[in-house]
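Chain by chain, the residues:
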Amino acid sequence: MNSCQEISELFSDYVEKTLVEKDRQAMDVHLRACAACRDTVGRIAKLRHNLKSLMALEASPDFEMVLRTRMRLERHRMRPWASAMPLSPVRAMAFAAFLIVLISGAVFSYLRFLSPGSPAFVQTSSSQANLSAPSPAKAAGATLAKSYQRYVYALEGVTIPDAPGAALRISSVGLAKYQALQVDTSAASLPAELDPVLVSF
Amino acid sequence: MAESPEKQESRPTDEDLIERFQGGDLYAFDLIVKNYKQQLLNFVFRFLGNQEEAEDVVQETFLRVFRNRSAYRRVAKFSTWIYTIAGNLARTELRRRRRRRFLSISDMGVQDKDYEISAEVLNPEAQTDGALKDEIIQAEIARLSPKFREVIILRDIQELSYEEISKILRIPIGTVKSRVNRARLRLQNRLKHLLDKDR
């Protein structure tokens, strides 16, 4: 007769009725003689029944809503433009209108830029540039802490000098414009009307 | 994620659904969620023993399917693929939980509180017999090591075939059978008091 240890390796096959005939007969013989193994096989059969009958867990009511939100974020992450503008006619038209407004604004800004006294930006090359212009920043006692900070001025291509009294540097792009306005390019300070108006980039 | 009547009639296979989803049909993905939400939730919940974590893992599973849909090939059953993803994520969650527990072990005292059965569970008046039995069984499943736990859940609760479990876990069928047998032997021994009452 097989030992209980050996026979126990076949318990699952026995309760699932997948043993070959020879092994099944050997098991039957063992179980008739061994109460402990018989009890174990009986408990395994009941265990399987109990496991199958375990109550199914219900998903939370907001499970799908949360999933949809996460999917939306995922889609946005994968294809931001496609996600923002699915091919629905209404949204496509809204997007087209938005583009028209955007392009019109850009054209308008460009035309304004071409006119005298138009706004443009200037950039500093100094880590501690001291604005000698009568600007709001200077009036507030502010100094520049980081290098290459940019400011929006009424002129394009003007570089703020490193120290008071140094000549303003003008990029080639902005030179013609600057000269057209007849501003003194060697002046250490900018005219009041050219005060910086934006300090964030 | 409502299902339209005409779609209900056609009853596409899971493999059809994922192929449709690969072709851009988002409704097919809704059907996949509908078909698998419950069974994956039960699988992961029985493995982790915590509903909130289980829901999070199942959602992440669907997101992985969504994100990596092009990785699925029809040579494999879709159920095998999605169960593999869910199982991997559940095991990762379990490891993460162990790390957290390890880091806060001084706060937990000597005993591992995850394995304690609450006073509420032990109070027969607090719950019905069925719910109490479920909780006791769940507590014993949780005491099994992960490699025994996952096979017994997949075999006896999810009722998957040995072949499919072997593919999901990427281990030989013989190993699956041996683990299932050992898991059953351990559980029947620990649940003797409960199972013997059923006579």
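Parameters and conventions
- Residues numbered from 1 in each chain as written.
- Chains lettered and ligands numbered in written order.
- Predicted model: local features only at pLDDT ≥ 70, side-chain atom pairs only at ≥ 80, totals over all residues.
- Heavy atoms only, no water.
- Helix = DSSP H or I, 4+ residues; strand = E, 2+ residues; numbered from the N terminus.
- Buried < 20%, exposed > 50% of the residue type's maximum accessible area, 1.4 Å probe, protein only.
- Contact = heavy atoms within 4.5 Å.
- Salt bridge = Lys/Arg side-chain N within 4 Å of Asp/Glu carboxyl O.
- Core = buried A, V, L, I, M, F, W, Y, C linked by side-chain atoms within 4.5 Å.

Visitor: Could you clarify how one ought to interpret the overall build of chain A in this entry?
Guide: Secondary structure assignment for chain A yields nine helices and four strands. Going from the N terminus to the C terminus, chain A shows its helices and strands as α-α-α-α-α-α-α-β-α-β-β-β-α. Burial statistics for chain A: of 201 residues in total, 31% are counted as buried. Long-range pairs, those at least 24 residues apart, make up 58% of the contacts in chain A with a sequence separation of at least 6.

Visitor: Would you explain the pattern of salt bridges in this entry?
Guide: Counted under the stated rule, the structure contains 26 salt bridges over all chains. Across the pair A:E64 and B:K37 runs a salt bridge whose closest N-O atoms are separated by 3.1 Å. One end of the pair, A:E64, is in helix α5 (residues 63–78); the other, B:K37, is in helix α3 (residues 26–48), on a second chain. There is no split in this pair, since A:E64 and B:K37 are both buried. The partner of B:R143 in a salt bridge is B:E140, with the nearest N and O atoms 3.2 Å apart. Pair noted here: B:R143 and B:E140 are both in helix α8 (residues 129–143), with a separation of three residues, about one helical turn. Overall, B:E140 belongs to the buried group, its relative accessible area being 8%. Among the ionic contacts, a cluster of salt bridges with common partners joins A:E16, A:R48, B:R155, B:D156 and B:R184.

Visitor: Help me understand the nonpolar core, please; the structure alone is not making it clear to me.
Guide: One broad trend across soluble globular proteins is that nonpolar side chains are buried collectively. The biggest cluster of nonpolar side chains holds 66 residues, and the ones touching the most others in it are A:L51, B:V44, B:F62, B:F78, B:I82 and B:Y83. Broken down by element, the residue count for this core peaks at 14 residues, all from α3(B). Leave out the neighbours within four places in its chain, and B:V44 touches B:G49, B:A54, B:V57, B:V58, B:A86 and B:A90. Formed by ten residues, the second largest nonpolar core is a distinct cluster that contains A:F11, A:M27, A:L31 and A:V41.

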